[in-house]
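Below, each chain spelled out in residue letters.
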Amino acid sequence: NNNNMMSEFDIERLYKKIQTKLESDLVPTMTASAQAWIPLNCVNFALVPPHLRPLVAMGASAVWNCYLSLIQHREVTTATSC
C-alpha cells in the first residue's frame, strides 16, 4: 500500500511539473514560432528559387529545433508563497 501512495505522489508531482512547464513556456514558444516561421516562409517563397527552398527550410528547421531543445531543457522556477 505504501508503494501505491508513492506512485500517486509521483504522478501528482509529474502532473504539476508538466502544468508549470506549459504555463511558463507554451505561449512564448508559440509566439516565437510565429515570429520566426511566418517571415522566413514569406522570404523563402518570395525570393528563394524553388530548387533551394527545401534547403532553406531544413536549415531553419535545424536552428528552430535547437531553440526548442533549449527551451525544453531549461529549469522552470515556481514562485512560492511566504
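Chemist: Requested: an account of the layout of surface pockets, with residues and values cited.
Modeler: One water molecule sets the probe size; rolling that probe over the atoms shows where empty space is left. Here the second largest pocket is characterised by a volume of approximately 170 Å³. In this structure, the second largest pocket is lined by Ile-18, Lys-21, Leu-22, Asp-25, Leu-26, Thr-29, Met-30, Leu-68, Ile-71 and Gln-72. Here the lining of the second largest pocket is built from residues that sort into six nonpolar, two polar and two charged.

Chemist: Break down a nonpolar patch on the surface for me, citing the residues and quoting the values.
Modeler: Nonpolar side chains collect at one region of the surface, where Leu-14, Ile-18, Leu-22, Leu-26, Val-27 and Met-30 lie side by side and expose about 600 Å² of accessible area between them. Note that Leu-14 resides in helix α1 (residues 2-47).

Chemist: So what's going on with the side chain of Thr-29? Which residues, and what values?
Modeler: Mapping Thr-29 onto the fold places it in helix α1. One polar contact links the side chain of Thr-29 to the main-chain carbonyl oxygen of Asp-25, over a distance of 2.6 Å.

Reading the values: the criteria
- Each residue is numbered by its place in its chain's sequence as written, counting from 1.
- In keeping with the model being predicted, local features are shown solely for residues with a pLDDT of at least 70 and side-chain atom pairs are shown and tallied solely at 80 or more, while totals for entire chains, interfaces and linings include all residues.
- Excluded from the side-chain calculations are hydrogens and water; all other atoms, namely the structure's heavy atoms, are used.
- Grid spacing is 1 Å over the protein atoms alone, the probe is 1.4 Å, and a cavity is where that probe fits but cannot get out, while a pocket is an open set with protein on both sides within 12 Å along at least five of seven lines and lining residues have an atom within 4 Å of a point.
- Grid points are joined across faces, edges and corners, and a volume is the space filled by probe spheres set on the points.
- Think of it as three bins: nonpolar holds Ala, Val, Leu, Ile, Met, Phe, Trp, Tyr, Cys and Pro, charged holds Asp, Glu, Lys and Arg, and polar takes everything else, Gly as well.
- The patches described consist of residues with a relative accessible area above 30% and no salt bridge, like charges being joined within 9 Å and nonpolar side chains (Val, Leu, Ile, Met, Phe, Trp, Tyr) within 5 Å.
- Only the protein chains shown count as cover for residues, and the accessible areas themselves come from Shrake-Rupley with a 1.4 Å probe.
- Salt bridges are defined as contacts in which a side-chain nitrogen from Lys or Arg sits within 4 Å of a carboxyl oxygen from Asp or Glu.
- Numbering of helices and strands starts at the N terminus; helices are DSSP runs of H or I of at least 4 residues and strands are runs of E of at least 2.
- Counted as a polar contact is a pair of N or O atoms within 3.5 Å, where, for protein atoms, one must be capable of donating a hydrogen and the other of accepting one, and residues adjacent in sequence contribute only when both atoms are in side chains.

Note that every value here comes from positions in space, so none of it alone points to a role or purpose.
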